Amino acid sequence: MKIEDIAKEAGVSKGTISKVINGYPNISEELKQKVNEIIKKNNFVPNNSARNLAGKKNKVIGLFIYDKGELKTSAFFQSFVGIAVDEAEKKGYSVLLSIIKSDEMFEKMKNFYDSGVINGAILIGMKSNIKELDAIIEKDYKIALIDYLDVCLNPNTILINSNNFFGGKLAANYLVKKGCKNLLHVSGDLDKFAGKERLKGFEEFCLQNKVNYEILEASFNGFLSKGIFQKYLKENKNLPDGIFCANDETAINIIKCLEESNIDISKTLKIIGFDNVDLSTYISPKLTTIDVDLKTMAIKTIECLIGKIEDKNSKKIYKYESEIELIERES
């Protein structure tokens, strides 16, 4: 709901609504009560209304992260946010960072749009098949989705993806070339697009090349994956000789887990991660990984979203899939 809708329902002008919102004294208590009841009933977020009515244009991008605890530990999220904020500020936009912890909180994002708090939004870390999010995507909101879909639902949907499927194949191919005969994929969250696609790429290579493999369903949260892998170690005497982890956080935590179990990975197996976060060069052994060119992904996200915001009539479809590269190190 927009401020015009509030005014129409109350039977007054937008200027009067602005005065109620901003506490002007020459408004009757009866009208104040009526307007505030309409605002409350419709979950209207009045932030910045006065500036909108005064003709000042907001330049704010919302960055929404679907978080189940990864934000505090995820080097990927932290790096993306840092680059995106810096790039947005270079172009004269501020970034409003908000955490979505449940599907119902997408209503909060919708209210930010409808009340003019934000001009567009970036969504990252989202699960698949969230009906509240799908309903928002179907509207005319300017939205950039990071690793969420591979098909644009409308011209205002911007897709920015890692080349997840090919990355999964590349990781499996690398392990086989290094002489590994039995592979294990420690997956990311399989209710997320990136988790499913990385697994599919890995599995397709193994099936096409008749390579023995296992799938250990885990998480993009490295600490959760470590616990799942610890249980796997206890239940399996024969370890694989090649492990592909869905992201670097998981790979780093599994290396720690193996060290704690007195398993010398330099002699027994190969490990490869995904994302090429900075931390992957600081551990021992340094982590072999798939680089997704995170900097370009973040910059492209801002460029495409601002392009949509500033050209309201644009029907151009923005879809970017990152270049990926194998970075071989010590693991």
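Below is a summary of the structure that appears in this document. (Residues numbered from 1 in each chain as written. Predicted model: local features only at pLDDT ≥ 70, side-chain atom pairs only at ≥ 80, totals over all residues. Heavy atoms only, no water.)

A few words now on the packing of helix α1 (residues 3-10) against helix α3 (residues 29-41). As a packed pair, α1 and α3 sit with axes 10 Å apart at the nearest point and diverge in direction by 130°. By the angle class used here, α1 and α3 are oblique. With respect to the hand of their crossing, α1 and α3 are arranged in right-handed fashion. Contacts between α1 and α3 involve Ile-6, Glu-9 and Ala-10 from the first element and Lys-34, Val-35, Ile-38, Ile-39 and Lys-41 from the second. For the contact of α1 with α3, the residue count by class is five nonpolar, no polar and three charged. (Axes fitted to C-alpha atoms, helices over the stretch in contact; angles between N-to-C directions. Helix = DSSP H or I, 4+ residues; strand = E, 2+ residues; numbered from the N terminus. Parallel < 35°, antiparallel > 145°, perpendicular 65-115°, else oblique. Left-handed = near helix turned anticlockwise from the far one by under 90°. Contact = heavy atoms within 4.5 Å. Nonpolar A, V, L, I, M, F, W, Y, C, P; charged D, E, K, R; others polar.)

Another point: the nonpolar core. Within the largest apolar cluster, 45 residues are counted, with the highest numbers of intra-cluster contacts made by Ile-61, Phe-80, Ile-122, Ile-124 and Leu-183. Not counting chain neighbours up to four residues away, the residues in contact with Phe-80 comprise Ile-122, Ile-124, Ile-146, Leu-294, Met-297, Ala-298 and Thr-301. With 22 residues, the next largest nonpolar core counts Val-60, Val-117, Ala-121 and Ile-136 among its residues. (Core = buried A, V, L, I, M, F, W, Y, C linked by side-chain atoms within 4.5 Å. Buried < 20%, exposed > 50% of the residue type's maximum accessible area, 1.4 Å probe, protein only.)

What follows deals with the sheet that holds strand β10 (residues 288-291). Judged by pairing direction, the sheet is mixed, and its six strands sit side by side in the order β7-β6-β8-β9-β10-β12 without closing on themselves. Two strands bound the open sheet, and with one partner strand each, they are β7 (212-216) and β12 (325-327). Each neighbouring strand pair of the sheet contributes to a mean axis angle of 20°, computed without reference to strand direction. Note that strand β6 (residues 182-186) and strand β8 (residues 242-245) share four bridges and pair parallel. Bridge pairing links Leu-184 to Ile-243 in β8. Lying on the sheet, helix α11 (residues 248-260) is in contact with β6, β8, β9 (270-275) and β10; it crosses β9 at an angle near 150°. (Pairing = 2+ DSSP bridges.)

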